[in-house]
Amino acid sequence: MGPLLHLPTLLLVTVTTSTVMAASLLLVRADRRREGLGTWAVALLLHALACALLAGRGKLPDMLSVMLANALMSGVFSCLLGAIHQFQGRPLPWGWMLAPVAFTGILFTVFLHVLQMRLMLASGILSIQLVLALRALALVDRRDAGRGVWFVFGGLLLLLLLLLARGVEAALGVGPSDAVSQGDLGEHFVVFLVTFIVVQTSSFGFVLMAMDRATEINRRLAAQDPLTGVPNRRATIAALEQSAAQSSRSGEPIAVMMVDIDHFKHINDRFGHLAGDQVLCGVVAMLNSRLRKQDLVGRYGGEEFLVLLPSTPLAGATTLARQLCVAVEQARLESAGHRVPVTLSIGVVAGVPQPGDNWEHLVAAADAEMYRAKHGGRNQVAACAFPAVRAA
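Residues numbered from 1 in each chain as written. Predicted model: local features only at pLDDT ≥ 70, side-chain atom pairs only at ≥ 80, totals over all residues. Heavy atoms only, no water.

Draft legend 1. The arrangement of the overall build of the protein in detail. The secondary structure content of the protein amounts to 14 helices and seven strands. Computed over the C-alpha atoms, the radius of gyration of the protein is 31 Å, more than 25% above the 21 Å expected from 2.2 N^0.38 for a compact globule of 392 residues. Overall, the C-alpha framework of the protein stretches about 95 × 50 × 35 Å when taken along its three principal axes. The 392 residues of the protein split such that 47% are buried. Long-range contacts, defined here as pairs at least 24 residues apart, represent 72% of the contacts in the protein between residues at least 6 apart. Counting every atom, the protein has about 18700 Å² of accessible surface; 63% of that belongs to carbon and sulfur. For the protein, the distance from the average site of its 32 positive side-chain charges to the average site of its 27 negative ones is 3 Å. (Helix = DSSP H or I, 4+ residues; strand = E, 2+ residues; numbered from the N terminus. Rg over C-alpha atoms; globule rule 2.2 N^0.38 Å. Buried < 20%, exposed > 50% of the residue type's maximum accessible area, 1.4 Å probe, protein only. Contact = heavy atoms within 4.5 Å. Areas by Shrake-Rupley, 256 points an atom, 1.4 Å probe, with all protein chains shown as cover. Lys, Arg positive; Asp, Glu negative; His and termini not counted. Charge placed at Lys NZ, Arg CZ, Asp CG, Glu CD.)

If you want it as structure tokens, here you go:
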């Protein structure tokens, strides 16, 4: 058991694994510049250097193996805090990152030869840093971070509890002896072993966070129209299909609008395609501002948008469609300082889908009503109940 519990061996293993992990993170950093992986890699390098200095205890001056080693360890947790902030897209909290390192360096210089005070200071400062990191981690969006956040959170929480227990022991005068320089197990071994496990596990968790975020972003992009930001045709059809099935089961009516921007080709020809893009985005913003949270606007194709209104009867949907026509007509949609006149033609159908009805029937019915609005002079609404309109 002796070699397995040999503290310098553990420190050497820690130096090696932290360095290898840091190098791996730096290699993928080019593709994850805003994920915080580079800052996390710096934390691992600082951890490797701190452990190398601690392993030299008794051979190196105390200012290096004690003061500088502990200042670097504080820097490890400062970088972890910074990496979490970067993952959230927040600026680095330089004050909270630099102050603990500076305090550690100053206080460990003053109490260089007072082991009990050093243990209390290290436990207190590192615990505060861990609380800050855990607090920042709690604000991470779970939809982006996925499962990895639990690895990081659990590891840092475990280390926090260990440091608090170590600080209490030191305050009571029952803490470990200064055994790092002796080459035997010592009572420091448990602390360094847990720290080693936590740093490696948390690093793995942080990589998972970055990977899960990339997966979630790709999923969103696959279901999102890149110009307007609303669901694309595939995602819109999937939502309509699900809502129609729910309506058929519950008996609650569902309303569908097919919204078309009048004379959109003329807008592109007269004002340019950039103006056309701005009109599309402006219309989407106008629609979304007047819909409920459970409603959905999706880009069906070109200048056509499909609006899905769950639990909405025909009268309510028709009233809303007319309000949308008025709002868009009165809105000041501009491009390059010029007002771009925009109107909508909207087809509305609503009702409870019957067995055999599917999303295609709903879309075809709404589309037919939309063309009826266009043939009636545009800038208006045409509506009909479903499925009666299909039978007709």
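Draft legend 2. Structural detail: the nonpolar core. One finds W40, M73, L156, F206 and M209 to be the most contacted residues of the largest nonpolar core, which totals 49 residues. Only helix 1 (7-28), helix 2 (37-55), helix 3 (62-87), helix 5 (115-138), helix 7 (148-171) and helix 8 (189-222) provide two or more residues apiece to this core. Of all the elements, helix 3 adds the most residues to this core, at eleven residues. Sequence-distant contacts of W40, defined by excluding residues within four places in its chain, comprise L25, L80, A83, V152, S202, S203 and F206. Ranked by size, the runner-up nonpolar core spans 34 residues in total, among them V297, A331, L333 and V342. (Core = buried A, V, L, I, M, F, W, Y, C linked by side-chain atoms within 4.5 Å.)

Draft legend 3. Main features of the packing of aromatic side chains. This model, assessed by the stated rule, comprises three aromatic pairs. With a centroid separation of 5.4 Å and 85° between ring planes, the pair formed by F151 and F204 is classed as edge-to-face. Of this pair, F151 sits in helix 7 while F204 is found in helix 8, placing the two residues 53 residues apart along the sequence. With a relative accessible area of 44%, F204 lands in the partly exposed category. Members of the aromatic cluster, connected to one another through ring pairs, are W40, F87 and F206. When the ring centre of F87 is taken as reference, the NZ or CZ atom of R213 above it lies at 3.8 Å. (Phe/Tyr/Trp six-rings, centres within 6.5 Å; stacked < 30°, edge-to-face > 60°. Lys NZ or Arg CZ within 6 Å of the ring centre and 35° of its normal.)

Draft legend 4. View of the layout of surface pockets. The space that makes up the second largest pocket amounts to roughly 170 Å³. Partitioned by chemical class, the residues of the lining of the second largest pocket number four nonpolar, two polar and two charged. (1 Å grid on protein atoms, 1.4 Å probe; cavity = no way out; pocket = protein on both sides within 12 Å on 5 of 7 lines; lining within 4 Å. Points joined across faces, edges and corners; volume = space filled by probe spheres on them. Nonpolar A, V, L, I, M, F, W, Y, C, P; charged D, E, K, R; others polar.)

Draft legend 5. How the structure looks around the sheet that holds strand 1 (residues 254-261). Read across the open sheet, the five strands follow the order 2-3-1-6-7; overall the sheet is mixed. Looking at strand neighbours, the two that pair on one side only are strand 2 (296-301) and strand 7 (381-386), the edges of this open sheet. Looking at each pair of strands side by side, their axes are set apart by 20° on average, direction ignored. Relative to strand 6 (residues 344-351), strand 1 runs antiparallel, the two being bridged by eight bridges. (Pairing = 2+ DSSP bridges. Axes fitted to C-alpha atoms, helices over the stretch in contact; angles between N-to-C directions.)

Draft legend 6. View of the confidence of the model for the protein. The pLDDT averaged across the protein works out to 87; a share of 91% of its residues lies at or above 70. Note that pLDDT drops below 50 for residues 181-186; the model gives that stretch ten contacts with residues more than four away or on any other chain. (pLDDT = per-residue confidence, 0-100.)

Draft legend 7. Focus on helix 10 (residues 264-271). Taken together, the buried positions of helix 10 are F264, I267 and N268. The buried side chains of helix 10 occupy one side of the element, clustering within an arc of 95° when seen end-on. Those residues of helix 10 that are exposed and angled more than 90 degrees off the buried face are K265, D269 and R270. Check the buried side of helix 10 and you find it contacts strand 1 and helix 11 (273-289). (Arc of directions from axis to C-beta.)

Draft legend 8. Structural view of empty space enclosed by the protein. With the rule as written, the count across this model stands at two cavities of 30 Å³ or more. Taken as a whole, the second largest cavity spans an internal volume of roughly 60 Å³. Residue assignment for the lining of the second largest cavity shows that the elements contributing at least two residues are helix 2, helix 3 and helix 8. Considering every element that reaches the lining of the second largest cavity, the biggest residue donor is helix 8, with four residues. When grouped by side-chain class, the residues that make up the lining of the second largest cavity number nine nonpolar, two polar and no charged.

Draft legend 9. Quick peek at a nonpolar patch on the surface. On the surface, a nonpolar cluster with roughly 190 Å² of combined accessible area is contributed by L60, L64 and L68. Within the fold, L68 resides in helix 3. Overall, the relative accessible area of 31% leaves L68 in the partly exposed class. (Patch = residues over 30% accessible without salt bridge, like charges linked within 9 Å, V, L, I, M, F, W, Y side chains within 5 Å. Salt bridge = Lys/Arg side-chain N within 4 Å of Asp/Glu carboxyl O.)

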